[in-house]
Amino acid sequence: ATAGAVPTVRARVDIARFTRSSASVVSAPVDIALLATLDRSGGEMRALIRRGGGIVGRMQAKLAPLGPGAALSERLLAAPLSGGIRYNGPAEVLWTLTGIAGQEVSGPIAVAADFGGRLAEPTLVGVARAKTLRYENETYGTALTDIALDGRFTQSRLEIVSLAGKAGPGSFNVSGTIGLDAAGGFPLDLKATLQKAQLAHSDALGATVSGTLTITNNKAA
């Protein structure tokens, strides 16, 4: 095949009654329909998520026209990105897309964002909000509950206006920014305030922390 040549692809995936389980939570089942296409004009992906007969999520992402490059991956990364996501349903579905094992996020969440930029350096404009999320880490026995999130997508980052909840007998509050662009190394700038927060609770390890924690990761630094 010629270098940079674009195959013609059309794929459809239907998942019935998808659930995600943790030690204490089994998510309500959802049905997912996914359609992806690729040809010389560009690539597109559409997804529809249904729960109990009603639509709880829609996503469309389009990469067109394809950019320059010797390889198909380069051409896709250089293509303009457009589309958006509207989701109001269980966080477990979105968390599955991260591929992170041994950790779980559950509870209802609402996300609305429009896409722009390019795949390597995307821009998003929108919001992410939740009131009763739960996070579990199976390795350390961490259980964070009643998590309330107020987040705003601005250009290439997610601004955490507030992320607060309970950590065992204590509490935590986080604010700052999370970078969304791979080209920038997904930079982090977060500040967490902990009040007797139980961050680990298992047979092998226990930790309760109070104080202020700063988390930064900047590729340019």
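Treat the numbers as computed from the prediction; the structure is a model and nothing was measured. (Residues numbered from 1 in each chain as written. Predicted model: local features only at pLDDT ≥ 70, side-chain atom pairs only at ≥ 80, totals over all residues. Heavy atoms only, no water.)

Observations concerning the overall build of the protein chain
Then comes step 1: What the protein chain contains, in helices and strands, is two helices and 13 strands.
Then comes step 2: For the protein chain, the spread of C-alpha atoms along the principal axes amounts to about 60 × 45 × 30 Å.
Then comes step 3: Looking at the 221 residues of the protein chain, the share that counts as buried comes to 33%.
Then comes step 4: As displayed, the protein chain has an accessible area near 12,500 Å², and 56% of this comes from carbon and sulfur atoms.
Then comes step 5: Of the side-chain charges in the protein chain, 22 are positive and 17 negative, and the distance between the mean point of each set is 6 Å. (Helix = DSSP H or I, 4+ residues; strand = E, 2+ residues; numbered from the N terminus. Buried < 20%, exposed > 50% of the residue type's maximum accessible area, 1.4 Å probe, protein only. Areas by Shrake-Rupley, 256 points an atom, 1.4 Å probe, with all protein chains shown as cover. Lys, Arg positive; Asp, Glu negative; His and termini not counted. Charge placed at Lys NZ, Arg CZ, Asp CG, Glu CD.)

With respect to the nonpolar core
Then comes step 1: One finds Ile49, Tyr87, Val93, Ile109, Phe153 and Phe172 to be the most contacted residues of the largest nonpolar core, which totals 32 residues.
Then comes step 2: Here the element with the most residues in this core is strand 8 (residues 121-137); it accounts for five residues.
Then comes step 3: Not counting the four nearest positions on each side in its chain, Ile49 is found in contact with Val30, Asp31, Ile32, Gly54, Ile55, Val56, Gly57, Tyr87 and Val93.
Then comes step 4: By size, the runner-up hydrophobic cluster in this structure holds seven residues, among which are Val6, Leu38, Ala61 and Leu63. (Core = buried A, V, L, I, M, F, W, Y, C linked by side-chain atoms within 4.5 Å. Contact = heavy atoms within 4.5 Å.)

As for the pattern of salt bridges
Then comes step 1: Summed over all chains, the structure comprises six salt bridges.
Then comes step 2: For the salt bridge of Asp14 with Arg12, the shortest nitrogen-to-oxygen distance reads 3.1 Å.
Then comes step 3: For the salt bridge of Asp150 with Arg129, the shortest nitrogen-to-oxygen distance reads 3.5 Å. With Asp150 in strand 9 (residues 142-155) and Arg129 in strand 8, the pair connects residues that are 21 residues apart, well separated along the chain. (Salt bridge = Lys/Arg side-chain N within 4 Å of Asp/Glu carboxyl O.)

Description of the environment of Ile55
Then comes step 1: Relative to the elements of secondary structure, Ile55 occurs in strand 4 (residues 54-63).
Then comes step 2: When near neighbours in sequence (up to four residues on either side) are disregarded, Ile55 contacts Leu48, Ile49 and Arg50.

Some thoughts on the environment of Thr177
Then comes step 1: With respect to the helices and strands, Thr177 occurs in strand 11 (residues 170-179).
Then comes step 2: The buried category is assigned to Thr177, whose relative accessible area is 16%.
Then comes step 3: Distance from Thr177 to Glu159, taken between C-alpha atoms, is 4.4 Å for residues 18 residues apart in sequence.
Then comes step 4: The contacts of Thr177, once residues within four sequence positions are left out, are Arg157, Leu158, Glu159, Pro187, Leu188, Asp189 and Leu190.

Describing unusual backbone geometry
Then comes step 1: With an omega dihedral of -10 degrees, the bond running from Ala64 to Pro65 counts as a cis peptide bond.
Then comes step 2: Residue placement: Pro65 occurs in the loop between strand 4 and helix 1 (72-77).
Then comes step 3: Not every positive phi belongs to a glycine, and Asp146 is a case in point at roughly 50 degrees.
Then comes step 4: Despite not being glycine, Phe186 shows a phi value in the positive range, around 50 degrees.
Then comes step 5: Along the chain, Phe186 turns up in the loop between strand 11 and strand 12 (188-201).
Then comes step 6: Accessibility expressed as a relative area gives 46% for Phe186, which makes it partly exposed.

Focus on the pairing of strand 3 (residues 42-51)
Then comes step 1: In this structure, strand 2 (residues 30-39) lies alongside strand 3, joined through nine bridges in antiparallel fashion. What sits directly across from Ile32, in strand 3, is Ile49.
Then comes step 2: In this structure, the hairpin formed by strand 2 and strand 3 is closed by a connection of two residues.
Then comes step 3: Looking at chain direction, strand 3 and strand 4 are connected through nine bridges and run antiparallel. Pairing of Arg50 across the sheet is with Ile55, part of strand 4.
Then comes step 4: Linking two consecutive strands that pair antiparallel, namely strand 3 and strand 4, is a turn of two residues; a positive phi of about 60 degrees is found at Gly52 within it. (Pairing = 2+ DSSP bridges.)

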